[in-house]
Each structure stands twice: as structure tokens, then as C-alpha cells.
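# Analysis of the macromolecular model
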Amino acid sequence: AQSVAQPEDQVNVAEGNPLTVKCTYSVSGNPYLFWYVQYPNRGLQFLLKYITGDNLVKGSYGFEAEFNKSQTSFHLKKPSALVSDSALYFCAVRGYGNNRLAFGKGNQVVVIP
Amino acid sequence: GAVVSQHPSWVICKSGTSVKIECRSLDFQATTMFWYRQFPKQSLMLMATSNEGSKATYEQGVEKDKFLINHASLTLSTLTVTSAHPEDSSFYICSARKPSSSSYEQYFGPGTRLTVT
């Protein structure tokens, strides 16, 4: 079985401060890892993915994530948060050969002006 | 690009009626599409996997006779909520997968808000 844990319900951060959204995963074999962002009443927008290669992945809107195999983590980061980054963030994992994505429960990010 | 559209974006229907939601991949062919359901402030729950030209695979606990899925072409999948009830009110999101992508990345539609009165 594959699963994702996003331990925090909400992350509050002041505008301009670094933003981190945590994600740990469980999967058989090598993981395919994804981060998505969702704005109210909208679908999911792709931010970035890790498939193989460099552990530090850079994505859209200045976001990046670091794959850590030993800690089975894939935390999302942004050096300087913007108010417009306030949204719901989902981490997802898929195991090799598995057709389906497993999503975390999501983290509400609130960037305070 | 990889754009997925859904129609309608929102719908209100009366209890007992049926509602059809369309999911289209606009600029690529999708042999596989997925249907998710999302409750407020919760994660996405996979309802079914839809493969073009074959029957959908439903997740445990999802009634296949209530949530009819048809994947008639490589760019269109439909979800029909039959005999809708207020508890079916939810946000329904589809996604489509590019078969040529080694990561099997999914591209998500904007979602359909269903309200059953």
C-alpha cells in the first residue's frame, strides 16, 4: 500500500518568511512524488515532481522540494512566501508500476501580510 | 501543454434526478482518466479509474450503479450521478494521464461543484 502523511493541518507564515510544508510517504519500491496546490473551488495545479535524479527539485512559482530517501520525506519549500501563496497544498505519491496516486490530507497555508 | 476541462463547473439539481459531468483532455489523448471526490477541507478520494474502451475500475465502497462512468473516447470521460441525493453533494474532480509520460503524471480538471437539493 502507498500512503502520504502531511502532519500539519495549517501552516501560518508571515509574508517574506520561508515556507515549509511537510510530507512523508510510504511506498514499495522507488517513489514518484508530487506536490499540487489548490485554490478555493478550483482543481489541482501541478507544482513539481520527483522521479529520479537530483534530490532537490525546483518547480513552479518559486517552490522547491527535497527528496530524502532515508527519512522518506518530500518537504515543500519556498524561500520567501507571498500572500498569494495562501492555498491548500497536497503531497502525493505513486509507486512504480502503480496506476494510482495516493494523496495526503492537505495543508492549508496562510501567509500573513 | 496538458489541459483538462470539466463541464459544468457547477450544477444544482433536485434530489432524485441524474447529473452528467464531462471531463475532456483538450490537447492530448488520455487512455486513462481518474475521478475523485473531495469534501470540504479534505483530501481527494479516488472514486474510479476510467480506461478508454473498457469498464471503469471502482474503488471499494463506491457504488458503480450510482456513479456511472463512460470513457467513450481518448479525450472524453463522463461521470453520471444517478438518482442524486443531498449526500452526493460534493466537489468532483477528474484527472487525465498522458501515457507517454514516464512519470505517468496526472493533469487535473478544474472540478465540478454538485449541489443536490
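Described below are features of the structure shown in this document. (Residues numbered from 1 in each chain as written. Chains lettered and ligands numbered in written order. Predicted model: local features only at pLDDT ≥ 70, side-chain atom pairs only at ≥ 80, totals over all residues. Heavy atoms only, no water.)

## Remarks on the overall build of chain A
What chain A contains, in helices and strands, is zero helices and 12 strands. Tracing chain A from N to C terminus, the helices and strands come up as β-β-β-β-β-β-β-β-β-β-β-β. Whereas a compact globule of 113 residues would reach a radius of gyration of roughly 13 Å, chain A reaches 13 Å, a difference of no more than 12%. Taken along the three principal axes of its C-alpha coordinates, chain A extends 45 × 30 × 20 Å. A total of 113 residues make up chain A; the buried ones form 45% of that total. (Helix = DSSP H or I, 4+ residues; strand = E, 2+ residues; numbered from the N terminus. Rg over C-alpha atoms; globule rule 2.2 N^0.38 Å. Buried < 20%, exposed > 50% of the residue type's maximum accessible area, 1.4 Å probe, protein only.)

## Brief notes about the packing of aromatic side chains
Under the criterion given, the structure shown has 14 aromatic pairs over all chains. Ring centres of phenylalanine 103 of chain A and phenylalanine 108 of chain B lie 5.9 Å apart, and the angle between their planes is 75°; this geometry places the pair in the edge-to-face category. Here phenylalanine 103 of chain A is found in strand β11 (residues 102–103), whereas its partner phenylalanine 108 of chain B is found in strand β10 (residues 106–108) on a different chain. In this structure, phenylalanine 103 of chain A and phenylalanine 108 of chain B share a single accessibility class: buried. Note on phenylalanine 67 of chain B and tyrosine 92 of chain B: the rings are 6.4 Å apart at their centroids and 45° apart in plane angle, and the pair reads as tilted. Of this pair, phenylalanine 67 of chain B sits in strand β7 (residues 67–73) while tyrosine 92 of chain B sits in strand β9 (residues 90–97), and the two are 25 residues apart along the sequence. Side by side, phenylalanine 67 of chain B and tyrosine 92 of chain B carry an identical accessibility label, which is buried. (Phe/Tyr/Trp six-rings, centres within 6.5 Å; stacked < 30°, edge-to-face > 60°.)

## Focus: the state of the cysteines
Residue and element names in this part refer to chain A. Counted according to the given criterion, the structure contains two disulfides over all chains. Between cysteine 23 and cysteine 91 runs a disulfide, and the two sulfur atoms are separated by 2.0 Å. Given an S-S torsion of about -60°, the disulfide between cysteine 23 and cysteine 91 has left-handed geometry. Of the two residues, cysteine 23 sits in the loop between β3 (19–21) and β4 (24–26) while cysteine 91 sits in strand β10 (residues 87–95), which places them 68 residues apart along the sequence. Both residues of the pair, cysteine 23 and cysteine 91, belong to the buried class. (Disulfide = S-S within 2.5 Å.)

## Structural notes on the pairing of strand β8 (residues 76–81) of chain B
Residue and element names in this part refer to chain B. With six of six residues buried, β8 is to be regarded as a mostly interior element. With burial as the criterion, each face of β8 is covered, one bearing Leu76, Thr78 and Thr80 and the other bearing Ser77, Leu79 and Val81. The pairing of strand β3 (residues 19–25) with β8 spans six bridges and is antiparallel. Note on β8: the bridge partner recorded for glutamate 22 is threonine 78. (Pairing = 2+ DSSP bridges.)

## What about the environment of cysteine 23 of chain B?
Residues and elements named next belong to chain B. Note that cysteine 23 resides in strand β3. Using a relative accessible area of 0% as the deciding quantity, one classes cysteine 23 as buried. Measuring from C-alpha to C-alpha, the distance between cysteine 23 and glycine 109 comes to 7.2 Å, with 86 residues separating the pair along the chain. Apart from the residues within four sequence positions on either side, cysteine 23 is in contact with Val4, Ser5, Gln6, Met33, Trp35, Thr75, Leu76, Ser77 and Cys94. (Contact = heavy atoms within 4.5 Å.)

## Focus on the interface of chain B and chain A
Interfaces are often sized by the accessible area lost when the parts come together. Contacts between the two partners involve 23 residues from chain B and, on the opposite side, 20 residues from chain A. Approximately 1600 Å² of surface area, both sides summed, lies buried where chain B meets chain A, with 50% of it carried by carbon and sulfur atoms. Inspection of the region where chain B meets chain A yields one salt bridge. Across the salt bridge formed by arginine 100 of chain A and glutamate 59 of chain B, the nearest N and O atoms sit 2.7 Å from each other. Taken together, chain B and chain A are joined by five residue pairs in polar contact (both at pLDDT 80 or more). No other element matches the four residues that strand β4 (residues 32–38) of chain B contributes to the side of chain B that touches chain A. For the side of chain B that touches chain A, the class distribution of residues is nine nonpolar, 10 polar and four charged. (Buried area = accessible area lost by both parts, 1.4 Å probe. Salt bridge = Lys/Arg side-chain N within 4 Å of Asp/Glu carboxyl O. Polar contact = N/O pair within 3.5 Å; in protein donor to acceptor, adjacent residues only side chain to side chain. Nonpolar A, V, L, I, M, F, W, Y, C, P; charged D, E, K, R; others polar.)

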